[in-house]
Amino acid sequence: MSSHGRAVPGDPLPTVDLDIDLSSHELLRRAHVLDALGPDWDPVAALRGEEAAYELLYSGLSAEQQRVYDDLVSAGVLPRRGGGDAAA
């Protein structure tokens, strides 16, 4: 940088340490999400519904579709059906 405060081509740019605490913003964001979900939101029912939707989505596959599905599960691209991820 020149003595006039102007950048000179080829000179490194000055660095500045910058710390921002977003924890209060995160708490506000979470409060808004829970408010939007409402008092009737049931996370266990939501997880059960999600599992049921996956079961329906991957049911009735042809032999070729099942083979592709199995390959994708083996590769870790898709979760295995009935893996018990949803609460019982």
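Note that the structure is predicted; figures quoted are calculated from it, not measured.

Engineer: Which residues make up the confidence of the model for the chain, and what values do they have?
Structural biologist: The predicted model of the chain averages 84 in pLDDT, with 86% of residues at 70 or higher. Across the chain, the secondary-structure element scoring lowest on mean pLDDT is helix α2 (residues 43–57), at 91, and the one scoring highest is helix α3 (residues 63–74), at 94. Taken together, the stretch residues 84–88 has pLDDT below 50 and engages in seven contacts with residues farther than four places along the chain or on a different chain.

Engineer: Explain a nonpolar patch on the surface to me, using residue names and the numbers behind them.
Structural biologist: Together, Val 33, Leu 34, Leu 37 and Trp 41 make up an exposed nonpolar region whose accessible area comes to about 370 Å². Relative to the elements of secondary structure, Leu 37 occurs in helix α1 (residues 23–37). Judged by relative accessible area, which is 37%, Leu 37 ranks as partly exposed.

Engineer: Give me the packing of aromatic side chains: which residues, what numbers.
Structural biologist: Remark: the centre distance and the inter-plane angle together describe each pair of aromatic rings, the angle taken between the planes. All chains considered together, the criterion is met by two aromatic pairs. Ring centres of Tyr 54 and Tyr 58 lie 6.3 Å apart, and the angle between their planes is 5°; on these two criteria the pair is classed as stacked. Taking relative accessible area as the criterion, Tyr 58 reaches 15% and is therefore assigned buried. Ring plane angle 40° and centroid distance 4.9 Å describe the contact between Tyr 58 and Tyr 69, whose orientation is recorded as tilted.

Engineer: Outline the environment of Tyr 58, listing residues and values.
Structural biologist: Tracing the sequence through the fold places Tyr 58 in the loop between α2 and α3. Sequence separation between Tyr 58 and Tyr 69 is eleven residues; the distance between their C-alpha atoms is 8.3 Å. Not counting chain neighbours up to four residues away, the residues in contact with Tyr 58 comprise Tyr 69, Leu 78 and Arg 81.

Analysis parameters
- Residue indices follow the written sequence of each chain, beginning from 1 at its first position.
- Whole-chain, interface and lining totals are the exception, using all residues; otherwise, since this is a predicted model, local features are given only for residues with pLDDT of at least 70 and side-chain atom pairs are given and counted only at 80 or more.
- Hydrogens are left out, water is left out, and the side-chain values use all remaining heavy atoms of the structure.
- The predictor rates its confidence in each residue with pLDDT, a number between 0 and 100.
- Here a strand is any run of E in DSSP of at least two residues, a helix any run of H or I of at least four, and the numbering for each starts at the N terminus.
- Any two residues whose heavy atoms approach within 4.5 Å are treated as being in contact.
- Put simply, a patch holds well-exposed residues, over 30% relative accessible area, that have no salt bridge, with like charges counted together within 9 Å and Val, Leu, Ile, Met, Phe, Trp or Tyr side chains within 5 Å.
- What sets the accessible areas is the Shrake-Rupley method with a 1.4 Å probe; for residues, cover comes only from the shown protein chains.
- Salt bridge, as used here: a side-chain nitrogen of Lys or Arg that lies within 4 Å of a carboxyl oxygen of Asp or Glu.
- To sort residues, take the accessible area from a 1.4 Å probe on protein chains only and compare it with the maximum for the residue type: under 20% means buried, over 50% means exposed, and anything in between is partly exposed.
- Two aromatic rings, drawn from Phe, Tyr or Trp (for Trp, its six-membered ring), form a pair once their centres lie within 6.5 Å of each other, and the interplanar angle then sorts them: stacked below 30 degrees, edge-to-face above 60, tilted otherwise.

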